[in-house]
Amino acid sequence: MEGGDEAEIYEGMRAHFPLSFGKPVKQQVSLEAVHSATRRPQQQQQPTSSSSFSGSKGWLHDLRSSNSRDAEKTSPSGAGNFNFNGAVGRGHSEDAGDVEPGEEEAAQILAANGPEVGGGDDDDGMMIGPPRPPPAATDSEESDSDGQGDNLYRIPMSNEIVLKGHTRVVAALAVDHTGSRVLSGSYDYSVRMYDFQGMNSRLASFRQLEPFEGHQVRSLSWSPTSDRFLCVTGSAQAKIFDRDGLTLGEFVRGDMYLRDLKNTKGHISGLTCGEWHPKEKQTILTSSEDGSLRIWDVTDFKSQKQVIKPKLARPGRVPVTTCVWGREGKCIAGGIGDGSIQIWNLKPGWGSRPDMHVENAHDDDITGLKFSSDGQMLLSRSMDGTLKVWDLRQSKKPLHVFEELPNHYSQTNVEFSPDEQLIFTGTSIEKDGNTGSMLCFYDTKRLELVSKVGISPTCSIVRCAWHSRLNQVFATVGDKKQGGTHILYDPTISERGALVCVARAPRKKSVDDFEATPVIHNPHALPLFRDQPSRKRQREKVLKDPMKSHKPDLPVTGPGFGGRVGSTKGSLLTQYLLKEGGLIKETWMEEDPREAILRYADVAAKDPKFIAPAYAQTQPEPLFAKSDSEEEEDGK
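Keep in mind the model is a prediction, meaning the values are calculated, not measured. (Residues numbered from 1 in each chain as written. Predicted model: local features only at pLDDT ≥ 70, side-chain atom pairs only at ≥ 80, totals over all residues. Heavy atoms only, no water.)

Caption draft 1: Just the environment of R218, in detail. Mapped onto the elements of the fold, R218 is located in strand β6 (residues 217-222). Judged by its relative accessible area of 16%, R218 is buried. In this structure, the C-alpha to C-alpha distance between R218 and L173, residues 45 residues apart in sequence, is 9.1 Å. Among all residues touching R218, those that are not within four sequence positions of it are A171, A172, V232, T233, G234, G270, L271, T272, E289 and Q411. A polar atom in the side chain of R218 sits 3.2 Å from the side chain of E289. (Helix = DSSP H or I, 4+ residues; strand = E, 2+ residues; numbered from the N terminus. Buried < 20%, exposed > 50% of the residue type's maximum accessible area, 1.4 Å probe, protein only. Contact = heavy atoms within 4.5 Å. Polar contact = N/O pair within 3.5 Å; in protein donor to acceptor, adjacent residues only side chain to side chain.)

Caption draft 2: Expanded view of the sheet that holds strand β2 (residues 170-175). The 4 strands lie next to each other as β2-β3-β4-β5, forming an open sheet whose pairing is antiparallel. The open sheet has two edge strands with one neighbour each: β2 and β5 (207-209). Put simply, the sheet's adjacent strands are angled 20° from each other on average, direction ignored. Pairing of strand β3 (residues 181-186) with strand β4 (residues 191-195) involves 5 bridges; the strand directions are antiparallel. Within the sheet, the bridge partner assigned to S184 lies in β4 and is R192. (Pairing = 2+ DSSP bridges. Axes fitted to C-alpha atoms, helices over the stretch in contact; angles between N-to-C directions.)

Caption draft 3: Structural context of the pattern of salt bridges. One pass over the structure, following the stated rule, counts 15 salt bridges. Across the pair K279 and E328 runs a salt bridge whose closest N-O atoms are separated by 4.0 Å. Note that K279 is positioned in the loop between β10 (271-276) and β11 (283-288) and E328 in the loop between β14 (320-325) and β15 (331-336), a separation of 49 residues in sequence. Using a relative accessible area of 53% as the deciding quantity, one classes K279 as exposed. Given a relative accessible area of 44%, E328 falls into the partly exposed group. (Salt bridge = Lys/Arg side-chain N within 4 Å of Asp/Glu carboxyl O.)

Caption draft 4: Representation of the packing of aromatic side chains. Summed over the entire model, instances satisfying the criterion amount to 9 aromatic pairs. Ring centres 5.4 Å apart and planes at 15° place the aromatic pair F229 and F241 in the stacked group. Here F229 is found in strand β7 (residues 228-233), whereas its partner F241 is found in strand β8 (residues 239-242), with 12 residues between them in sequence. On the accessibility criterion, F241 (3% relative accessible area) is buried. Ring centres 5.5 Å apart and planes at 25° place the aromatic pair F424 and F441 in the stacked group. Highlighted residues: F424 in strand β23 (residues 422-426) and F441 in strand β24 (residues 437-443), separated in sequence by 17 residues. Using a relative accessible area of 0% as the deciding quantity, one classes F441 as buried. Here a set of aromatic residues connected by ring pairs shows up, and it is made of W222, F229 and F241. (Phe/Tyr/Trp six-rings, centres within 6.5 Å; stacked < 30°, edge-to-face > 60°.)

Caption draft 5: Here's a closer look at the nonpolar core. Ranked by internal contacts, the top residues of the largest apolar core, which has 20 residues, are I161, V182, F196, M199, F474, I487 and C501. Sorting the residues of this core by element identifies α2 (31-37), β1 (159-166), β2, β28 (483-489) and α7 (498-502) as the ones contributing at least two each. Per element, the largest residue contribution to this core is 4 residues, and it comes from α7. Excluding anything up to four places from it in sequence, F196 contacts G179, S180, V182, L470, F474, I487, G497, A498, V500, C501 and R504. Counting 19 residues, the second largest nonpolar core, distinct from the first, contains Y153, L422, C464 and V473. (Core = buried A, V, L, I, M, F, W, Y, C linked by side-chain atoms within 4.5 Å.)

Caption draft 6: Spatial organisation of the sheet that holds strand β21 (residues 400-402). The 4 strands lie next to each other as β18-β19-β20-β21, forming an open sheet whose pairing is antiparallel. The open sheet has two free edges, formed respectively by β18 (366-371) and β21, since each of these has just one partner strand. Adjacent strand axes in the sheet meet at a mean angle of 20° when their direction is disregarded. Taken together, the 5 bridges between strand β19 (residues 377-382) and strand β20 (residues 387-391) define a ladder with antiparallel strand orientation. Paired with S380 across the strands is K388, a residue of β20.

Caption draft 7: Region of the structure containing a negative patch on the surface. Judged by side-chain charge, E590, E591, D592 and E595 come together as a negatively charged surface patch. Along the chain, E590 falls in the loop between α9 (573-581) and α10 (593-598). (Patch = residues over 30% accessible without salt bridge, like charges linked within 9 Å, V, L, I, M, F, W, Y side chains within 5 Å. Areas by Shrake-Rupley, 256 points an atom, 1.4 Å probe, with all protein chains shown as cover. Lys, Arg positive; Asp, Glu negative; His and termini not counted. Charge placed at Lys NZ, Arg CZ, Asp CG, Glu CD.)

Caption draft 8: How the structure looks around the side chain of D391. Here D391 shows up in strand β20. Judged by relative accessible area, D391 falls into the buried class, the value being 12%. With sequence-adjacent residues up to four places away left out, D391 is seen in contact with Q376 and L399.

Caption draft 9: The arrangement of the pairing of β7 in detail. The element β7 is extensively covered by neighbouring structure, given that 6 of its 6 residues are classed as buried. Residue alternation in β7 divides its side chains into two sets, R228, L230 and V232 and F229, C231 and T233, and both sets are buried. Pairing geometry for β7 and β8, over 4 bridges, is antiparallel. Counterpart to C231 in the pairing with β8 is K239.

Don't take any of this as a statement about function, it's just geometry.
Structure follows, in structure tokens:
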């Protein structure tokens, strides 16, 4: 009875409120379920202990605290940590697309700054990336840490998403300094722009550009203020775009008929690389296949500041395959097509003569160079399958050579981790190889392998980056049919970026989103507004036109004039009119040729005009044979 009374009371009270009042709230999915959908296959989720926190905030706080405790107990493991799985990360799978958490709550949770990672000795109290190696642990601590997946260097690789959209290999990558926008350039001649703040779990780009028609995108670089970016394609002219993808200008092209490159106003061959100055927002650097490096001022697109010609063993034009600024912008390094590395220090009165020249640094084209923050170390990546570490104080021989790193793309780079404790680069797919493409991480001090992370079983890795603010690793991959950008992150140590967009469900379409395109039927409208005729009618009309269809002439079936026979029996209108009027009579087909000749015999004998008068005295009298009909009559 009590239950029935409560139901009646509820129905009675409910009748006094509008229908929209008291509707059940849509169930929100926790962050744990969201990130489990993007978790990499080889990473098993750690069971978290029970805590006093509940919901998404509690799970994230508990996971971060447990992860930090595990990192303190972990001891150095050397080079034996080999984490490779050939399968591609699930990225934005169908499961992730069905997640519909609240946008406001997810954004607030994921946008919040996380706890300190690694020690607190730094001035800012926060360090992104690998911490300092902890002291050696005891045997009991080592036994406790077994089976927990030791990741000493705190590489964010537990989760993975993929930014798709390109149809060819992605050879250019640029992430702005705030970590909110990502640029990817591909061999399909297009540049795609992604915005983490406005992107949902579908991971779609908000704008697509084609900087130069028919030319591959080879390099992208943001300005120090992240308000503009540089786009380098296979053409001889670099372009500058604003933050929203609008063209601001393109640099001038040089005269290809001038032999001395210093006299040309710009590059005369395809560009290979380009980079914005790390400190000055109006200076950029480009390299080209014409064998020169040039420094430009973005305030004046028609002039250049400096032309640099590398030192060559023999006179000629050797392409410059890559270029890079120093961390402070005080020096420039270029990889030359002859395998050498040349460095120029920017000082008053400097010229094209390099301050440092490393001959035969690599056996093949150099695809990537990178300076350390102190300017004493240089990394070089080449298509000969090696990664070399150079000490610029003793540049005769490299400090170390990492081999067995296949590279088939001229844009493959090498990078430092944010705290420069790690060096990492990507590998390409080999035809006869069984392993897929991998990100290889090496210790900077010990110069040994730390970890290998599998990215794709069928696509090669070209560009890679580790963003210091987001603490997320980017890797571009692709082949002849597809291309994408893989983003590796860890919810416990990564900030914003991929965490924000993965937790945001796509908005459902409503009735208001439907737009019907009206069709206007107006027979007297201008040709611009007329409906296009069907293709079938166009083909029928072309077939009827003898000129457009290239219809051959009909074969000759009877007498004619000029080698052509038609309805007019002649090629001229005048002949046709004379024939129809009776002025021209064609009787030669019915006449006997002998009678036609003898018709003029008496006239020729009485009035000779041409040859006959000259031979009048000596010419014999012609005797013509009688016709057969006359002989037959005489015989009778």
